[in-house]
Amino acid sequence: MAYGQTRVLLVDRIAGAVARTVRVAGLAVRLATATRMGPSDLYAALATARFVAAHELIERAAAAVQDDDEVDVVHLSQPLWFGGTTLVEDDE
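Predicted model, so just to flag it, every value in this text is computed and none were measured.

### Comments concerning the overall build of the chain
Looking only at helices and strands, the chain features 2 helices and 2 strands. Overall, the chain shows an N-to-C arrangement of helices and strands of α-α-β-β. When contacts within the chain are restricted to residue pairs at least 6 apart in sequence, long-range pairs at least 24 apart make up 26% of them. With an accessible surface of roughly 7,900 Å², the chain has 62% of that area assigned to carbon and sulfur atoms.

### Notes on the pattern of salt bridges
Scanning the entire structure with this criterion turns up 1 salt bridge. The closest approach of N and O atoms between arginine 60 and glutamate 56, which form a salt bridge, is 3.2 Å. Of this pair, arginine 60 and glutamate 56 are both found in helix H2 (residues 39-65), 4 residues apart, which corresponds to roughly one turn of the helix. The exposure class assigned to arginine 60 is exposed, which follows from its relative accessible area of 58%.

So, how was this worked out
Residues numbered from 1 in each chain as written. Predicted model: local features only at pLDDT ≥ 70, side-chain atom pairs only at ≥ 80, totals over all residues. Heavy atoms only, no water. Helix = DSSP H or I, 4+ residues; strand = E, 2+ residues; numbered from the N terminus. Contact = heavy atoms within 4.5 Å. Areas by Shrake-Rupley, 256 points an atom, 1.4 Å probe, with all protein chains shown as cover. Salt bridge = Lys/Arg side-chain N within 4 Å of Asp/Glu carboxyl O. Buried < 20%, exposed > 50% of the residue type's maximum accessible area, 1.4 Å probe, protein only.

In structure tokens, the structure reads:
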């Protein structure tokens, strides 16, 4: 790949990232203004979503190993976008 192509590709990726950031910010502004939600309400909604995601992850892991006696869950953690919290860790 030529030097000019690399620069154009980099500029294109930066422009795409900026456009995505603007879309997310616009959505946050629309939610905050249209639903009469203040910053503390949005924070509470995000915190609740984090715990709901943790509960869903635990239920899915339990359902996946329910019928198999040879499988033990030794580590279960949330993805980084939900805080990367370790939910289950077995110290054997």
